[in-house]
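Coordinate analysis (summary)
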Amino acid sequence: MNPKSLLSLLLPLLWYIPTGVLFDLLCAEPERPWNLTVHFRGYPGNISTPCEGEDSAKWSFINSLKEAAYIINGNCKNVMNMSQPDQLELWRSIMDGNLEAYLRISSKLKLGLVVDDFSIQLSSSSPKSPESTQNADGTGPAKTGRIPIRLYVRTINEDFDDLQDAPAVESWDKISYINRPVEIHGDGGKCFTLCDAITKLLPELFGEKLLPKDDVSGEEVEVGQRLSLEETNKSSTGQSGEMLNERIVSCSVSDGAEIKLIRIQGIEPKMEIPFAWVVNNLMNPEYFLHICVYVKIQEPITI
């Protein structure tokens, strides 16, 4: 086994982060199968809240769904008003990997797909199919909107040319977790790309100032935080049905920062890909898009 894989095994995995995200984040050069060690005692309570069974995972998912709904629609009433049978069927569809059942139940939440201004202009100038006509009339699921993003920034202090040379993560202090919504829009008829989204997600890397009126209004939430026990409890269990307006904290990155890798759902997409396509095809079942970013920097990111 690669010695770096042995080092990564010493890092406790956080159960409330999707397994695929953990893999993307911790395995710069993916190894298959992923070699993990399972411990049955000595839970690292100082690093992660304990998972007390399926109910813990279920309510973590539901809370994330409420948060996503709030970002997209400005409220989470549709999630709050779900009947118990629908809520149970939605969760069971995820547990069983039943896409048909998931789509049937999740469509009731009316969170919809996303189309940017550029795509709308293209569809309006091309021969209209019945589906595109329906979307243009506003009766279809497509819309322009705010996208719930969970951004995981892995800081690396060493330079490397090949991913296999990336240093292993020995502590969660090397990873920053940022909740930061992005609003899809096109300027001057241009397509809003993944590069545009990353620029807005990490303005510190691109020399931009994050203005309060830029993408996040007073009713929205921008949270930059370490993956820690206290902050996780705030975001997952302290919402009481509505998303909290937490203090705004952003990560500061030095001028020498360099993005080494961006990975979403195991894919390393090109930066010029339309962001609307990324959202519609790579978002998680709780309507969050999880993005892993490797940043090479002389000094670690501070939150």
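Description of the structure in this document.

Rules behind the numbers
Residues numbered from 1 in each chain as written. Predicted model: local features only at pLDDT ≥ 70, side-chain atom pairs only at ≥ 80, totals over all residues. Heavy atoms only, no water. Helix = DSSP H or I, 4+ residues; strand = E, 2+ residues; numbered from the N terminus. Buried < 20%, exposed > 50% of the residue type's maximum accessible area, 1.4 Å probe, protein only. Contact = heavy atoms within 4.5 Å. Patch = residues over 30% accessible without salt bridge, like charges linked within 9 Å, V, L, I, M, F, W, Y side chains within 5 Å. Areas by Shrake-Rupley, 256 points an atom, 1.4 Å probe, with all protein chains shown as cover. Salt bridge = Lys/Arg side-chain N within 4 Å of Asp/Glu carboxyl O. Lys, Arg positive; Asp, Glu negative; His and termini not counted. Charge placed at Lys NZ, Arg CZ, Asp CG, Glu CD. Phe/Tyr/Trp six-rings, centres within 6.5 Å; stacked < 30°, edge-to-face > 60°. Lys NZ or Arg CZ within 6 Å of the ring centre and 35° of its normal. Core = buried A, V, L, I, M, F, W, Y, C linked by side-chain atoms within 4.5 Å. Expected span 1.5 Å × (residues − 1). Pairing = 2+ DSSP bridges. Axes fitted to C-alpha atoms, helices over the stretch in contact; angles between N-to-C directions. Parallel < 35°, antiparallel > 145°, perpendicular 65-115°, else oblique.

Attention now moves to the environment of A101. When you line up the elements, A101 lands in helix α6 (residues 99-106). The exposure class assigned to A101 is buried, which follows from its relative accessible area of 8%. Expressed as a C-alpha distance, the spacing of A101 and W91, which sit ten residues apart in the sequence, is 9.9 Å. If near-sequence neighbours (up to four positions away) are discounted, A101 is found in contact with E89 and S93.

A few words on a negative patch on the surface. Together, E29, D161, D162 and D165 line one region of the surface with negative charge. Mapped onto the elements, D162 comes out in the loop between β4 (149-156) and β5 (175-179). By relative accessible area, which is 42% here, D162 ends up partly exposed.

Quick look at the packing of aromatic side chains now. One pass over the full model with this rule turns up five aromatic pairs. Geometrically, the ring pair formed by W15 and Y16 is edge-to-face, given 5.5 Å between the ring centres and 75° between the ring planes. Assessed through its relative accessible area of 18%, Y16 is described here as buried. Cation over ring: K58 sits above W59, and NZ or CZ is 5.4 Å from the ring centre. Note that R150 overlies the ring of F288, its terminal NZ or CZ placed 3.8 Å from the centroid.

On to helix α2 (residues 19-26), then. Counting buried positions over the eight residues of α2 gives six, a clear majority of the element. Listed in full, the buried residues belonging to α2 are V21, L22, F23, D24, L25 and L26. Where α2 is buried, its residues meet β4, β5, β8 (258-263) and β9 (289-296).

The residue S56 is located in helix α3 (residues 54-73) in this model. Distance from S56 to W15, taken between C-alpha atoms, is 9.7 Å for residues 41 residues apart in sequence. In contact with S56, not counting residues within four places along its chain, are W15 and C51.

Before going further, it helps to spend a moment on the nonpolar core. In terms of nonpolar packing, the biggest core is built from 27 residues, with I149, L151, I184, F275, L289 and I291 touching the most fellow members. Contributing elements (two or more residues each) for this core: β4, α9 (194-201), α11 (275-282) and β9. When residues in this core are grouped by element, the largest group, five residues, is from α11. Beyond its immediate sequence surroundings of up to four residues, L151 is in contact with S176, Y177, I178, L201, L202, I291 and V293. Membership of the second largest hydrophobic core comes to 18 residues, among which are F61, I62, I72 and W91.

What follows concerns α3. Taking 1.5 Å per residue as the helical rise, α3 with its 20 residues ought to reach 28 Å, and the 28 Å between its terminal C-alpha atoms agrees with that figure. Burial analysis of α3 places 15 of its 20 residues in the buried class, the great majority of the element. A positive backbone phi angle near 85° is found at G74, which sits one or two residues after α3.

This part is about the pairing of β4. Within β4, eight of the eight residues are buried, which leaves the element mostly enclosed by the surrounding structure. The alternating pattern of β4 places I149, L151, V153 and T155 and R150, Y152, R154 and I156 on opposite faces, both of which are buried. Of the pairings in the sheet, the one linking β4 to β9 comprises eight bridges and is parallel in character. Among the inter-strand pairings, I149 is bridged to a residue of β9, identified as L289. As defined by bridge partners, β4 adjoins β5 across five bridges and the pair is classed as antiparallel. Each bridged residue has a counterpart across the sheet, and for L151 the counterpart in β5 is I178.

Burial analysis of β9 places eight of its eight residues in the buried class, the great majority of the element. Relative to β9, β8 runs antiparallel, the two being bridged by five bridges. When the bridges of β9 are listed, E258 appears paired with K296.

Right, let's get into the packing of α3 against helix α5 (residues 84-96). Following both chains from N to C, one finds α3 and α5 inclined at 110°, their axes separated by 11 Å at the closest point. The angle between α3 and α5 places the two elements in the roughly perpendicular class. In this structure, α3 contributes E54, A57, K58, W59, F61, I62 and L65 to the contact, and α5 contributes Q87, L90, W91, R92, I94 and M95.

Let us now look at the pattern of salt bridges. Throughout the structure, instances matching the rule amount to six salt bridges. Linking E54 and R92 is a salt bridge whose minimum nitrogen-to-oxygen distance equals 3.5 Å. Within this pair, whereas E54 is found in helix α3, its partner R92 is found in helix α5, the two being separated by 38 residues in sequence. For E54, a relative accessible area of 38% puts it in the partly exposed group.

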